[in-house]
Amino acid sequence: MKSNILFGRIALGVYFLIFFGYLIGPLVVMGLTAFNSAAFPSITPWQCFTYEWFGELFKDERILNGIKNSFIVGFGTVILSVSIGLAASLVLTQVWAKWRSTYYTIIIAPILIPGVVIGISTLVFWRKVSDSLGGVAFMNNGLFLTILGQSTFIASYCMLVFVARLQRFDPGLTEAALDLGASHTQAFRKILLPFMRPAIASAAVLAFLASFENYNTTTFTFGSYPTLTIELSQMVRYGINPSISALAVIIVAITVFGALALEVYRRRTKLKAGEIKPAKGLPSWLYGNIATILLVLMSFTVIGMLSTAQSYSPQQCKADFREARDLETRLKIEALQAARAAALAEAAANGEATEDAGTDAPAEQGGSSGAFGGVFAPTNLEDAAGQGDGASGGAAAPASPFGNVFDPTNLEDASGTSGN
Amino acid sequence: MSSGVDVNLENIWIKFGDFVAVREANVNIKGGDFFSFLGPSGCGKTTILRAVSGFLNPSEGRVLIGGKDMAGLGPNKRPTALIFQNLALFPLMKIWENITFSMEVAGASAVERRKRADELLDMIALPGQGDKFPSELSGGQKQRVAIARALCAEPDVLLLDEPLSALDLKLRQHMRTELREIQQRVGITFIYITHDQGEALTMSDSVAVMRAGVIDQIGDGHAVYDTPATPFVASFVGENNVFRGKVSAINGDEATITSNRSGELLSKITPTAVGKMKVGDDAMMFVRPEMLQMGEGDAKSTISAKVLNEEFEGNTYSIYLEGEGGKQIKMAMPNLGNDPHKAKGDMVSFNYNANNAVVMPAGDLASE
Ligand SMILES: Nc1ncnc2c1ncn2[C@@H]1O[C@H](COP(=O)(O)OP(=O)(O)OP(=O)(O)O)[C@@H](O)[C@H]1O
Ligand SMILES: [Mg+2]
């Protein structure tokens with residue numbers, strides 16, 4: 001029995017470990033890559049601790065422009081979807097009792113429709129409208145289309161948030177306000193709106209996040225205003241560097257900061273309302289609250305990082321690293337050249353060079369024992385990578401079916417070679 | 001504050017689809033009166049009040065306030081203020097903001113409002129509580145805030161929808177006197193809704209008794225209690241013993257009925273039925289428990305029965321009797337220090353004064 005329980009505990013522990021590893025692991029790895037000086041996001045081999053990618057990030061015009069567009073689209077979407085969602089929820093809960101379920105289905109449908117479809121249909125629809133009006137410029141504007149396209153389904157999310165809150169609203173309050181002489185507008189502004197304020201705040205945050213991370217609708221509508229997600233996806237196609245990781249670190253930090261601050265605020269309100277008791281033996285502003293402690297730790301970390309970033313310079317480390325790498329490369333090249341010379345010598349000795357094979361390079365003749373000929377011969381790859389393909393590298397013997405395709409050192413070497 | 005104005009309901013019908021919630025209501029309320037609508041749950045009291053305050057339009061008929069037809073005026077344009085069944089205080093506003101909401105929407109300055117709020121808080125005996133939120137007050141305090149909020153709007157007519165129903169008995173009795181005092185102080189017309197007949201009788205100048213959308217009787221407390229117009233009113237307002245039978249003789253405003261189980265009984269005809277009853281009609285005679293006394297009386301007002309049970313209720317004894325054929329009768333005797341102490345199973349005779357009993361055409365009783 002006891003061992004059973006123990007086993008259960010261990011299993012549970014392992015499960016949580018795997019689960020949280022799965023959830024947080026990628027973020028941690030990505031976060032670390034932002035501080036590695038390697039030119040491709042990686043943590044092994046660790047080269048030098050650096051802040052340069054943050055600087056790089058703020059120099060990258062396209063990313064900055066993407067962020068700017070994302071914010072514009074985000075705010076536009078927040079305003080549009082919160083207003084539409086609020087109006088829709090009011091209609092749903094206050095009017096038309098008979099049509100309620102039909103109306104609900106219609107308004108909720110955009111959530112179920114794939115974002116791609118929404119993107120295409122937004123594009124097509126407004127182009128038609130614009131054409132039929134003889135070409136209206138703003139209707140083909142990327143920002144306009146993206147905001148409209150995203151709001152189509154984000155407004156539905158907002159509406160769900162509002163409906164949940166509205167269900168707890170006592171319509172008697174509005175009646176009381178009217179009875180006391182308020183106009184309908186005043187009753188809305190002074191009674192219903194303050195009641196909805198927390199829901200409006202959550203809906204706005206939700207809408208902004210949904211807009212910020214949206215890709216599949218935006219990809220059809222962005223026109224000449226690529227948002228951050230669009231820029232990132234395009235960058236991935238042309239090769240990325242760790243400034244993307246730096247961006248991720250910033251976004252994660254802001255998110256965690258916000259969440260912690262919110263938690264601290266909520267705890268304090270609860271404490272004030274007497275719902276929880278302050279823990280003994282701690283300064284009162286801490287209240288023995290993990291969120292507060294984490295928040296403070298995080299603030300210190302950020303401050304520490306910002307101040308060291310001013311003085312710290314990884315130049316020496318990088319120089320050392322480059323030297324070591326150059327040395328390594330030279331050694332490798334020498335080894336290869338030796339191998340090639342040996343192979344050539346062997347081939348000449350065997351005298352197997354036939355006339356029709358004479359057009360081929362001798363090295364490939366030498367490597368003909370492999371099924372793929374010399375395609376994967378290290379030198380070839382070295383050259384290929386040097387030409388900027390960045391596809392793969394195979395200087396070391398491939399241990400897995402993919403070789404070391406994803407081993408960043410290869411790329412490093414590749415770019416290093418091309419740089420030389 | 002403005003003195004009370006008249007409220008007249010002229011032939012009001014209110015329908016929800018096919019359902020008739022209020023049928024042919026004609027009510028004339030004198031300015032400055034405390035007027036109550038009394039009736040069981042679901043009889044249409046709130047519906048009438050909503051028609052007066054403007055939240056719904058009667059399907060037929062007119063609502064006049066101070067002689068002015070209110071048709072087409074919304075609740076924010078009528079000189080009425082409604083105290084809701086659930087109070088409907090604004091939970092996100094402080095007490096003083098709640099009280100002066102009507103001034104806020106009229107554009108009064110915060111200083112002005114604060115001053116008025118403090119006056120009203122003094123009046124409702126909650127001085128210095130203006131900065132609390134409604135959730136921080138007790139039920140009775142909320143009640144008073146709701147009254148202050150309505151009075152702050154300086155209405156000509158104050159409408160109250162069962163405002164005391166959520167309170168416990170002690171507080172309810174206290175608030176009754178307080179409400180009555182406030183009404184006399186401000187002198188405006190109060191229209192009060194309740195299903196508690198004690199509340200209606202103690203506070204009102206006039207009471208309208210409603211049954212399923214119909215107003216059965218309008219009168220002061222005495223009229224409603226002593227001379228009920230219908231069997232429903234007789235059985236709904238206070239306790240009553242009912243004797244069914246047929247009219248056997250009529251003499252001016254008195255009638256004799258041959259009751260089903262208790263022989264010939266003499267009583268007054270209720271004023272609204274005088275001249276409308278004939279010999280042979282089905283009739284109901286009502287006599288209140290406290291109008292019965294022990295002993296033989298006139299032959300036509302004496303009944304004999306067996307004692308079933310006796311209950312001591314402090315100020316009264318209730319004696320439950322069983323007459324001929326299992327007829328249940330209740331008798332109430334004041335506690336004068338001498339226990340009547342009838343043994344269970346004793347046969348007793350008791351009688352009543354025919355002037356204190358009323359007879360009327362048979363009809364529906366209030367269901368228990
Ligand atoms: N909006 C409405 N639609 C349909 N029927 C309604 C509506 N409002 C009220 N009714 C019906 O009208 C009748 C009277 O309702 P009302 O609220 O006036 O009762 P009440 O006398 O105030 O009862 P209570 O003492 O329980 O508050 C009820 O049968 C109710 O079901
Ligand atoms: Mg009601």
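Above this text is the structure in question.
What comes next concerns the included structure. Only a predicted model underlies this, so the values are computations on that prediction, with no experimental measurement involved.

1. Focus: the overall build of chain B
Here is step 1 of the chain: Check the secondary structure of chain B and you find 9 helices and 20 strands.
Here is step 2 of the chain: Along the three orthogonal principal directions, the C-alpha set of chain B runs to about 75 × 50 × 35 Å.
Here is step 3 of the chain: Residues classed as buried in chain B amount to 50% of the 368 residues present.
Here is step 4 of the chain: Expressed as a percentage of contacts within chain B between residues at least 6 apart in sequence, the contacts between residues at least 24 apart total 67%.
Here is step 5 of the chain: Here chain B has roughly 16,100 Å² of accessible surface; of this, 49% comes from carbon and sulfur atoms.

2. What to know about the overall build of chain A
Here is step 1 of the chain: Along the backbone of chain A there are 16 helices and 0 strands.
Here is step 2 of the chain: Out of the 420 residues in chain A, the part that is buried amounts to 32%.
Here is step 3 of the chain: A sequence separation of at least 24 residues applies to 66% of the contacts in chain A between residues at least 6 apart.
Here is step 4 of the chain: Carbon and sulfur atoms form 67% of the exposed surface of chain A, whose accessible area is close to 25,400 Å².

3. Here we look at the site of ligand 1
Residues and elements named next belong to chain B.
Here is step 1 of the chain: Around ligand 1, the neighbouring residues are F16, F19, A21, S41, G42, C43, G44, K45, T46, T47, Q85 and E162.
Here is step 2 of the chain: G44 places a main-chain nitrogen or oxygen 3.0 Å from an oxygen atom of ligand 1.
Here is step 3 of the chain: Between ligand 1 and E162, the relevant distance is 2.8 Å, taken from an oxygen atom to a side-chain nitrogen or oxygen of the residue.
Here is step 4 of the chain: When isolated, ligand 1 has an accessible area of 630 Å², and the protein chains bury 60% of it.
Here is step 5 of the chain: The set of elements that each furnish at least two residues to the shell around ligand 1 consists of β2 (19-29) and α1 (45-53).
Here is step 6 of the chain: Top contributing element to the shell around ligand 1 by residue count: α1, with 3 residues.
Here is step 7 of the chain: Here the residues of the shell around ligand 1 sort into 4 nonpolar, 6 polar and 2 charged.

4. Describing the pattern of salt bridges
All names here are of chain B.
Here is step 1 of the chain: Scanning the model with the defined rule gives 25 salt bridges over all chains in all.
Here is step 2 of the chain: A salt bridge links R116 to E154; its shortest N-O distance comes to 3.9 Å. One end of the pair, R116, is in helix α4 (residues 110-123); the other, E154, is in the loop between α5 (139-152) and β7 (157-161), with 38 residues separating them in the sequence.
Here is step 3 of the chain: Looking at R116, the relative accessible area reads 17%, which means it is buried.
Here is step 4 of the chain: For E154, a relative accessible area of 44% translates into the label partly exposed.

5. Re the side chain of D216 of chain B
Residues and elements named next belong to chain B.
Here is step 1 of the chain: Summarising the element assignment, D216 is placed in strand β10 (residues 214-219).
Here is step 2 of the chain: A distance of 2.8 Å separates polar atoms of two side chains, one belonging to D216 and the other to T230.
Here is step 3 of the chain: Each residue touching D216, except ones within four places of it in the same chain, is listed here: V209, R211, A229, T230, F232 and V233.

6. Regarding the environment of G295 of chain B
Residue and element names in this part refer to chain B.
Here is step 1 of the chain: Along the polypeptide, G295 turns up in the loop between β15 (292-294) and β16 (302-312).
Here is step 2 of the chain: For G295 and D18, which are 277 residues apart along the polypeptide, the C-alpha to C-alpha distance reads 54 Å.
Here is step 3 of the chain: Look past the residues within four positions of G295 in its chain and what remains in contact with it is T302, S349, F350 and N351.

7. Regarding the nonpolar core
Here is step 1 of the chain: One finds L9, F37, I48, F90 and F101 of chain B to be the most contacted residues of the largest nonpolar core, which totals 77 residues.
Here is step 2 of the chain: At 11 residues, the largest contribution of residues to this core is made by helix α8 (residues 184-212) of chain A.
Here is step 3 of the chain: If near-sequence neighbours (up to four positions away) are discounted, F90 of chain B is found in contact with L173, A176, A177, L180 and I191 of chain A together with N98, F101, P134 and R149 of chain B.

8. Overview of the sheet that holds strand β4 (residues 60-65) of chain B
All names here are of chain B.
Here is step 1 of the chain: Pairing is antiparallel across the open sheet formed by 4 strands, whose spatial order is β2-β1-β4-β5. The open sheet terminates on both sides in strands that have one partner only, identified here as β2 and β5 (68-69).
Here is step 2 of the chain: As paired strands, strand β1 (residues 7-16) and β2 are joined by 7 bridges and run antiparallel to one another. The partner of K15 across the bridge, within β2, is V20.
Here is step 3 of the chain: α1 rests against β1, β2 and β4 of the sheet, and its axis sits at about 120 degrees to β1.

9. Some points on the interface of chain A and chain B
Here is step 1 of the chain: At the junction of the two partners, chain A supplies 18 residues and chain B supplies 23 residues.
Here is step 2 of the chain: Between chain A and chain B we count 2 salt bridges in total.
Here is step 3 of the chain: Two residues, K190 of chain A and E104 of chain B, come together in a salt bridge whose shortest N-O distance is 2.7 Å.
Here is step 4 of the chain: Mapped onto the side of chain A that touches chain B, the elements with two or more residues apiece are α7 (171-179) and α8 of chain A.
Here is step 5 of the chain: The element that contributes the greatest number of residues to the side of chain A that touches chain B is α7 of chain A, accounting for 7 residues.
Here is step 6 of the chain: Of the residues that constitute the side of chain A that touches chain B, the class distribution is 9 nonpolar, 5 polar and 4 charged.

Each value, and the rule that gives it
Residues numbered from 1 in each chain as written. Chains lettered and ligands numbered in written order. Predicted model: local features only at pLDDT ≥ 70, side-chain atom pairs only at ≥ 80, totals over all residues. Heavy atoms only, no water. Helix = DSSP H or I, 4+ residues; strand = E, 2+ residues; numbered from the N terminus. Buried < 20%, exposed > 50% of the residue type's maximum accessible area, 1.4 Å probe, protein only. Contact = heavy atoms within 4.5 Å. Areas by Shrake-Rupley, 256 points an atom, 1.4 Å probe, with all protein chains shown as cover. Near = heavy atom within 4 Å. Polar contact = N/O pair within 3.5 Å; in protein donor to acceptor, adjacent residues only side chain to side chain. Nonpolar A, V, L, I, M, F, W, Y, C, P; charged D, E, K, R; others polar. Salt bridge = Lys/Arg side-chain N within 4 Å of Asp/Glu carboxyl O. Core = buried A, V, L, I, M, F, W, Y, C linked by side-chain atoms within 4.5 Å. Pairing = 2+ DSSP bridges. Axes fitted to C-alpha atoms, helices over the stretch in contact; angles between N-to-C directions.

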